Every structure is written in structure tokens, then in C-alpha cells.
Amino acid sequence: MAQRPLATAIFGAGNIFAWPPRALMRETGNPLIAEIAVKRSLVSREVAIDVTGRERFGIWCFSEAGSEPLCFWFDGRDGLLLEETLVPDGRLIRTVREAAPPPLPAIGARVLGAPRFARLMSVFSLSATHALPVRDVRVDRALEEVSFELASGTAVHMSLRLSTESPFEALVAFLESHDARRVRSIDLTVEHRLYWVPR
């Protein structure tokens, strides 16, 4: 017979002294909460609960033909939809756009699976790591591709299935040897290949 934790044995499984943090996460069910840490003192009979909220990384907009986009804040750690928001205007807020057929995802859903979301997030890291600001980020779930635009107006297409390291290395090396203002588009959807179209 498996031994129960001391707090569970003394107070019972329903007492807060016996609750693990995961149980509290299940009870709240709130996508805005990232972590819950529980500190207990059986001597002083005190419980301290530390709640860490999820940070809003950007806005994800889903659009259907003939209707207004439905937009949500999403977090940059797990890609969870946090809460509904207005359609962003301008380029100050990181925005991802996706043409999605119904049913549209709901609050608390993941926008992409973990590996593909990590590859998408690496697109935004281009600004920090390579000083390449990106804008107009769009996801095509059917093709498993992401497209975005550089400050020069150059359109870049990249696969969400492939590792991001080699495509970004190829992109940076290409831009170091070419004037981006003379490049209409760059295609990185094929592994170990870079295709480009001049203006």
C-alpha cells in the first residue's frame, strides 16, 4: 500500500495543506495563471500561495472570409490564448494573423503545438539577435509555414516544420551580401535551400 504524504494523512486529501500546486492549477483553470507555488507551515498553521501570471507577448488574430477578425492576447511561453482583445492598429504590438476556418480556438487553447510554436517565436527573436525587425507575421496552418516582412519590405517565407537555426543563419548570411531593398521575397521553406526573387 502506497504511503500518503503526512499532510494528507493528518488533514485529509481535501484540506488545503494537502493540496499540491497542480491541484490548485486544476481548480482555477485560469489561462492567465502560469504557476502557483504553495508554502505551508504546519507549526503556525499558515499557507502562503504565490501566483505567477502569464505575460502578454502579442496578439493572435483569426479571420474568416467575410467577417471581422477575432483576436486574442497570447503568451510567449506556451502559446496559450489568454483573453479576447481588439484588432490591433499599427505595429507597436507583436501580431500574428491567421486565416482560420471555424470552429475558432477558444481562450486557454494553444495556438500551435510546442515545437512549431517555438519555431514561430524564434522569428520574433530575429529583432534581438540579428537586429532584423519583423512585421506582418502570418501563419498558414495547412502549409505549416510562417511568413513575415522585413523593414526593407522583403517578404520571407519559412517552414514551421524545419529547424530554425540553419534557415536563420542562411537568411542573415544572404542579407549581409545582398541589398534587401533589391529583394522582393526570400523562400526558406525547403531544408538547406534559399530561393529569392529580385525586385
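Scroll up for the structure.
Read on for a plain summary of the structure. (Residues numbered from 1 in each chain as written. Predicted model: local features only at pLDDT ≥ 70, side-chain atom pairs only at ≥ 80, totals over all residues. Heavy atoms only, no water.)

**With respect to the overall build of the protein**
1) Next: Looking only at helices and strands, the protein has five helices and eleven strands in total.
2) Next: A buried classification covers 35% of the 199 residues belonging to the protein.
3) Next: A separation threshold of at least 6 residues defines the contact pool for the protein, and within that pool the share at least 24 residues apart is 44%.
4) Next: Roughly 12200 Å² of accessible area belongs to the protein as shown, and the carbon and sulfur atoms make up 53% of that amount. (Helix = DSSP H or I, 4+ residues; strand = E, 2+ residues; numbered from the N terminus. Buried < 20%, exposed > 50% of the residue type's maximum accessible area, 1.4 Å probe, protein only. Contact = heavy atoms within 4.5 Å. Areas by Shrake-Rupley, 256 points an atom, 1.4 Å probe, with all protein chains shown as cover.)

**Focus: the environment of Arg77**
1) Next: Assignment of secondary structure puts Arg77 in the loop between β4 (70-75) and β5 (81-85).
2) Next: A residue is classified by how much of its surface remains accessible, and Arg77, at 46% relative accessible area, is partly exposed.
3) Next: Separated by 37 residues in the primary sequence, Arg77 and Ala114 place their C-alpha atoms 9.4 Å from one another.

**Regarding the pattern of salt bridges**
1) Next: Across all of its chains, the model carries eleven salt bridges by this definition.
2) Next: Where Arg181 meets Asp179, a salt bridge forms, and the shortest distance between an N and an O atom there is 3.1 Å.
3) Next: Residues participating in the shared-partner salt-bridge network are Arg54, Asp75, Arg77 and Asp78. (Salt bridge = Lys/Arg side-chain N within 4 Å of Asp/Glu carboxyl O.)

**Considerations on the pairing of strand β8 (residues 145-150)**
1) Next: Relative to β8, strand β7 (residues 134-140) runs antiparallel, the two sharing five bridges. Residue Asp140 lies in a different strand from β8, and its bridge partner there is Glu145.
2) Next: Count of turn residues in the β7/β8 antiparallel hairpin: four residues, of which Glu144 carries a positive phi of about 55°.
3) Next: Relative to strand β9 (residues 155-159), β8 runs antiparallel, the two sharing five bridges. (Pairing = 2+ DSSP bridges.)

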